[in-house]
Amino acid sequence: MEVKVMNDGYDVVVIGGGAAGLSGALMLARSRRSVVVIDSGAPRNAPATGVHGLLGREGTPPAELLERGRAEVRGYGGEVVAGEVVSAVRQGERFAVRLADGRSVLARRLLVASGLVDELPDVPGLRERWGRDVLHCPYCHGWEVRDRAIGVLASGPLSAHQAQLFRQLSSDVTFFCHTAEPPGGEVAAQLAARGIRVVEGEVAGLEIAGDRIAGVRLRDGTLVRREVLAVAPRMVARAGFLGELGLRPVEHPSGAGEHVPADAAGRTEVPGVWVAGNVTDPSAQVGAAAAAGAAAAAQINADLVAEETRRAVAAARAA
């Protein structure tokens, strides 16, 4: 396949067109950096009806928020293009980023804001209801399901904690052990003290009536009436394309999945590569992801300024 070069090169290529990537691109474009955002068009929050907890934009549909962001980036001369990145390699002093359609682009720096994939337990019905009445975050969706009959499916080390968070929103919370061992010791005491019912037995699937969850069906046939099911997915960074740079996701300290490690400013162990948003911080909501993108962009701009200053001094001394 003939490789088509999108441009002779940019100061920064931003991989990912979500809140983190667009926020970073906006900061860079306002600093008069040449920047392009490569957006695969698969935002994590696409199934949600609205973005919550975002000051000034509470309840905004995700697609609307991103469209506004793209327009703002373009308004300062930044570019946003559709495409899926398949690899990134170092090429001299720059990075070569290749897209699935054969196009390529060069950059002095990379800001990776490609997000993550939510891997759900293998229970029939979960994926189809995801973002509707199967959800995971009490801060993103909790108000909308307050005072309803909520189930929490044990799926990882944070599930009991998740049950306690949803108990803040409803007095009717049931904890389904599914394939995990029943809680014991202090955890069991905590659940009991808050009136959270524990149901043992493997979950076979969801019972749906009128396009709503009616209950959770156990493998033995028992139906437990519920209206909402919370589940903690395994969160895995979308970062396979960084492998040739020697940058690979590792297990997150929380045990919730994989992420790309970075320092507080988003700088990775690979010089010239920064990360922001869910690819490095799985629990970041939209506001936090956008803030991280802006912070990383400021660091990238400062790094480029330092490089340009060194070259200017060297040129002046050589003159």
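All figures in this text were calculated on a predicted structure; none of them were measured in a lab. (Residues numbered from 1 in each chain as written. Predicted model: local features only at pLDDT ≥ 70, side-chain atom pairs only at ≥ 80, totals over all residues. Heavy atoms only, no water.)

Participant: When you look at the nonpolar core in this model, what are you seeing that I'm missing?
Facilitator: Proteins that are soluble and globular tend to have nonpolar side chains buried together. Ranked by size, the top nonpolar core spans 26 residues in total, and within it Val-13, Ile-38, Val-97, Leu-110 and Val-273 carry the most contacts. When contributions to this core are tallied by element, the ones reaching two or more residues are strand S1 (10-15), strand S2 (35-39), strand S4 (85-91), strand S5 (94-99), strand S6 (104-112) and strand S19 (273-275). Ranked by the residues each element gives to this core, the list is headed by S6, at four residues. Non-local contacts of Val-273, meaning those with residues more than four positions away in its chain, are made with Phe-95, Leu-110, Val-112, Leu-245, Leu-247, Gly-266, Arg-267 and Thr-268. Counting residues in hydrophobic clusters, the runner-up holds 21 residues, among them Ala-25, Leu-28, Ala-289 and Ala-297. (Core = buried A, V, L, I, M, F, W, Y, C linked by side-chain atoms within 4.5 Å. Buried < 20%, exposed > 50% of the residue type's maximum accessible area, 1.4 Å probe, protein only. Helix = DSSP H or I, 4+ residues; strand = E, 2+ residues; numbered from the N terminus. Contact = heavy atoms within 4.5 Å.)

Participant: How should I be thinking about the sheet that holds strand S14 (residues 223-225) in this particular structure?
Facilitator: Sheet strands associate in pairs through backbone hydrogen bonding, adopting either a parallel or an antiparallel arrangement. As summarised here, the arrangement of the three strands in space is S12-S13-S14, forming an open sheet in which the pairing is antiparallel. In the strand order of this sheet, the two ends are held by strand S12 (203-209) and S14, each with one partner. Recorded for the sheet is a direction-independent mean angle of 30 degrees between the axes of neighbouring strands. Relative to strand S13 (residues 212-218), S12 is paired through six bridges, and the arrangement is antiparallel. Each residue of the ladder has a partner; that of Val-203, found in S13, is Leu-218. (Pairing = 2+ DSSP bridges. Axes fitted to C-alpha atoms, helices over the stretch in contact; angles between N-to-C directions.)

Participant: Help me out: how do you make sense of the packing of helix H1 (residues 19-30) against helix H7 (residues 286-318) in this one?
Facilitator: Any two packed helices are characterised by how steeply their axes cross, that is the angle between the axes, and by the distance between the axes. One can describe the packing of H1 onto H7 by two numbers: an axis separation of 7 Å at closest approach and a directional angle of 35 degrees. Along this stretch, H1 crosses H7, giving a crossing that reads as right-handed. Side by side, H1 and H7 meet where Ala-19, Ala-20, Ser-23, Gly-24, Met-27 and Leu-28 of the first sit next to Val-286, Ala-289, Ala-290, Gly-293, Ala-294, Ala-297, Ile-300 and Asn-301 of the second. Considering only residue class, the contact of H1 with H7 consists of 10 nonpolar, four polar and no charged. (Left-handed = near helix turned anticlockwise from the far one by under 90°. Nonpolar A, V, L, I, M, F, W, Y, C, P; charged D, E, K, R; others polar.)

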